[in-house]
Amino acid sequence: MTQNKKLPKLALGAWAWGNDGTFGGQHTAADLRPVFDAGMKAGLNLWDTAYAYGMGASEKVLGAFLKDYPRDSALISDKFTPQCANPSADNAVIDLFETSARLLGTDYMDFYWIHNPMDAPKWTEKLIPLAKSGKIGAIGLSNHSLAEVREAAAILEKEGLHISAIQNHYSLLNRSSETSGILDYCREHNITFFAYMVLEQGALSGKYDTQHPFQEGSDRAKVYNPMLPQLEKLNAALKEIAARHSVAPAQVPVAWAIAKGTLPIIGVTQVSQVEDAAKAAALTLSADEIARLEELGGQAGVNVIRYWEKEMK
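Before going into details, it helps to say that this report is about the structure given with it. (Residues numbered from 1 in each chain as written. Predicted model: local features only at pLDDT ≥ 70, side-chain atom pairs only at ≥ 80, totals over all residues. Heavy atoms only, no water.)

## Focus: the overall build of the protein chain
Okay, step 1: Counting its secondary structure elements, the protein chain contains 12 helices and 8 strands.
Okay, step 2: Projected onto its principal axes, the C-alpha positions of the protein chain cover 55 × 40 × 35 Å.
Okay, step 3: In the protein chain, which comprises 313 residues, the share counted as buried stands at 57%.
Okay, step 4: At a minimum sequence separation of 6, the contacts of the protein chain that also span at least 24 residues come to 79%. (Helix = DSSP H or I, 4+ residues; strand = E, 2+ residues; numbered from the N terminus. Buried < 20%, exposed > 50% of the residue type's maximum accessible area, 1.4 Å probe, protein only. Contact = heavy atoms within 4.5 Å.)

## Describing the layout of surface pockets
Take a probe with the size of a water molecule and roll it over the atoms, and the empty space left behind shows itself.
Okay, step 1: Considered as a void within the structure, the largest pocket measures approximately 1200 Å³ in volume.
Okay, step 2: If you go around the largest pocket, you meet 46 residues; those closest to its centre are Trp15, Ala16, Phe23, Gln201 and Gly267.
Okay, step 3: Of all the secondary structure elements, the ones that give two or more residues to the lining of the largest pocket are α10 (251-259), β8 (263-267) and α11 (271-280).
Okay, step 4: For the lining of the largest pocket, a count of residues per class yields 21 nonpolar, 20 polar and 5 charged.
Okay, step 5: Within this model, the second largest pocket holds a volume of roughly 410 Å³.
Okay, step 6: Residue lining of the second largest pocket: 24 residues in total, with Leu7, Ser164, Asn190, Ile191 and Thr192 positioned closest to the centre. (1 Å grid on protein atoms, 1.4 Å probe; cavity = no way out; pocket = protein on both sides within 12 Å on 5 of 7 lines; lining within 4 Å. Points joined across faces, edges and corners; volume = space filled by probe spheres on them. Nonpolar A, V, L, I, M, F, W, Y, C, P; charged D, E, K, R; others polar.)

## A look at the nonpolar core
Okay, step 1: Among the nonpolar cores identified, the biggest contains 112 residues, and Leu10, Trp17, Tyr112, Ile163, Ile166, Leu285 and Leu293 are the most heavily contacted of them.
Okay, step 2: Ignoring anything within four residues of it in the chain, the contact list for Leu10 reads Leu44, Leu46, Val254, Ile258, Leu263, Pro264, Ile266, Ala277 and Ala281. (Core = buried A, V, L, I, M, F, W, Y, C linked by side-chain atoms within 4.5 Å.)

## Notes on the packing of helix α4 (residues 120-132) against helix α5 (residues 146-157)
To characterise two packed helices, one gives the angle between the axes of the helices and the distance between these axes.
Okay, step 1: Axis separation between α4 and α5 bottoms out at 10 Å; the angle between their running directions is 30°. Taken as axis vectors, α4 and α5 run roughly parallel relative to one another. Judged by the sense of rotation from one axis to the other, the crossing of α4 with α5 is right-handed. Across the interface between the two elements, Pro121, Thr124, Glu125 and Ile128 of α4 pack against Glu151, Ala152, Ile155 and Leu156 of α5.
Okay, step 2: Each residue belonging to the contact of α4 with α5 can be placed in one class, and the counts come to 5 nonpolar, 1 polar and 2 charged. (Axes fitted to C-alpha atoms, helices over the stretch in contact; angles between N-to-C directions. Parallel < 35°, antiparallel > 145°, perpendicular 65-115°, else oblique. Left-handed = near helix turned anticlockwise from the far one by under 90°.)

## Looking at the packing of helix α1 (residues 29-41) against helix α2 (residues 57-66)
Okay, step 1: At a minimum axis separation of 10 Å, α1 and α2 run at an interaxial angle of 55°. Accordingly, the angle class assigned to the pair α1 and α2 is oblique. Between α1 and α2 lies a crossing whose hand is right-handed. On α2, the residues touching Ala29, Leu32, Arg33 and Phe36 of α1 are Val61, Leu62, Ala64, Phe65 and Leu66.
Okay, step 2: Its residues assigned to classes, the contact of α1 with α2 comprises 8 nonpolar, no polar and 1 charged.

## Here's the deal with the packing of aromatic side chains
Okay, step 1: All told, the structure shown has 18 aromatic pairs when counted by the stated rule.
Okay, step 2: Measuring from ring centre to ring centre gives 4.9 Å for Trp113 and Phe194, while their planes differ by 80°; the resulting arrangement is edge-to-face. Taken as a pair, Trp113 in strand β4 (residues 111-114) and Phe194 in strand β7 (residues 192-196) lie far apart in primary sequence, 81 residues in all.
Okay, step 3: You can call Phe194 buried: its relative accessible area is 0%.
Okay, step 4: Look at Phe214 and Tyr224: their rings are 5.9 Å apart centre to centre, the planes differ by 40°, and that puts the pair in the tilted class. Here Phe214, found in the loop between β7 and α8 (219-224), pairs with Tyr224, found in helix α8; they are 10 residues apart in sequence, far enough to count as distant. Like Tyr224, Phe214 is buried.
Okay, step 5: Each residue in the set Trp15, Phe23, Tyr53, Tyr307 and Trp308 is aromatic and connected to the rest through ring pairs, giving one cluster.
Okay, step 6: Over the face of the ring belonging to Tyr108 we find Arg71, whose NZ or CZ atom lies 4.0 Å from the ring centre. (Phe/Tyr/Trp six-rings, centres within 6.5 Å; stacked < 30°, edge-to-face > 60°. Lys NZ or Arg CZ within 6 Å of the ring centre and 35° of its normal.)

## A word on helix α3 (residues 92-104)
Okay, step 1: Look at α3: 18 Å from first C-alpha to last across 13 residues, which is about the 18 Å you get at 1.5 Å a residue.
Okay, step 2: Along α3, the residues classified as buried are Ala92, Val93, Leu96, Phe97, Thr99, Ser100, Ala101 and Leu104.
Okay, step 3: Turning to α3, the residues buried within the fold contact α2, β3 (75-80), β4 and α4.
Okay, step 4: Capping of α3 at its N-terminal end is provided by Asn91; its side-chain oxygen lies 3.0 Å from the backbone amide nitrogen of Val93. (Expected span 1.5 Å × (residues − 1). Polar contact = N/O pair within 3.5 Å; in protein donor to acceptor, adjacent residues only side chain to side chain.)

Okay, here's the thing in C-alpha cells:
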C-alpha cells in the first residue's frame, strides 16, 4: 500500500494537462508523453491530477501513459471535487472515484483527496466506505483550514481512519498554511504536507517579469501580470541565488519548499521542467538564503489567494 512506498521529494502536477484555460495554450498527448517518461525515468513517479482538471481530460491523458508501466511503479494522487459531484448518485464520492479510476485505468488511488471544504463534514463521511474498501492508500484534504482539518480528523478517527496528507497553496508569496499552524499540525500528526503553486504558476520561475509578461488570454495572465512590478526584487534574488548554485531560478522556490518540510507539486508540460524539478530536489539552500527569500516574499505585499481559496487563519 501507499504507506509502504517511498515518496519522492516532490510530485509532478498534471493540472495544465486538462487544457481548461488556466494556463493558456493547448497540450496534446503527443506533447506530454515525453514529459511523463522523463518524470518516471528521473524517479519522480508521484503524479497529481483531478477530475476537475478539464473534467476528466487530465486523468485521461495520464491514464493512457500509465497503462504502459506496471501499476506499482507509479503513485497516483487524485481528488474528489464537491463541485463535480453527481447529485443523483447514492454516494457521490464513490461515483466520482469510479469515474476517475476508469479514466486512469486503475482500481485504487495512492492518495485521494477531498479537493475543497464545501460541505466538508458530509464528504468526509461519504469517503469512509471507500477508504474502508482498501481502494484509497492515503486520505488527503486540500484547501482546508486547521479547524476544518481537525473536524475531519475527529470524524475519521471514530471509524479507525486518519488523515495522511494535506494539500494547500503554499509559496514564498502565500505562507498562511505556515502562520496558521497547519504545518506544525502536520508535523505533530505525521501528515505529509503537499505544497501546490510553489512557483505561483510561473510567476516565480524566472521566466516572467515586467518586460516579459504572461501571454494575454490565460487566467494566470489576468492574476499575475498586474503584480509583476512588485515581484521584481524577489525574482532578482531568485536569479542571484540560482546563479550562485549554478541552477535555474525555478529550482530555488522548489528547494525552499522542500527545506520547509513540505512536498511540493510542480506542474510540468515540458521535459525541461521535469529536469529542473529533479535538480531542485537535490538543491540545498542556506539558512541565510531562506531567510532572505522569505523577507522579500513578505515585502512584495501581493495577494495571490485565488478565487477557489481562502487565507488560512
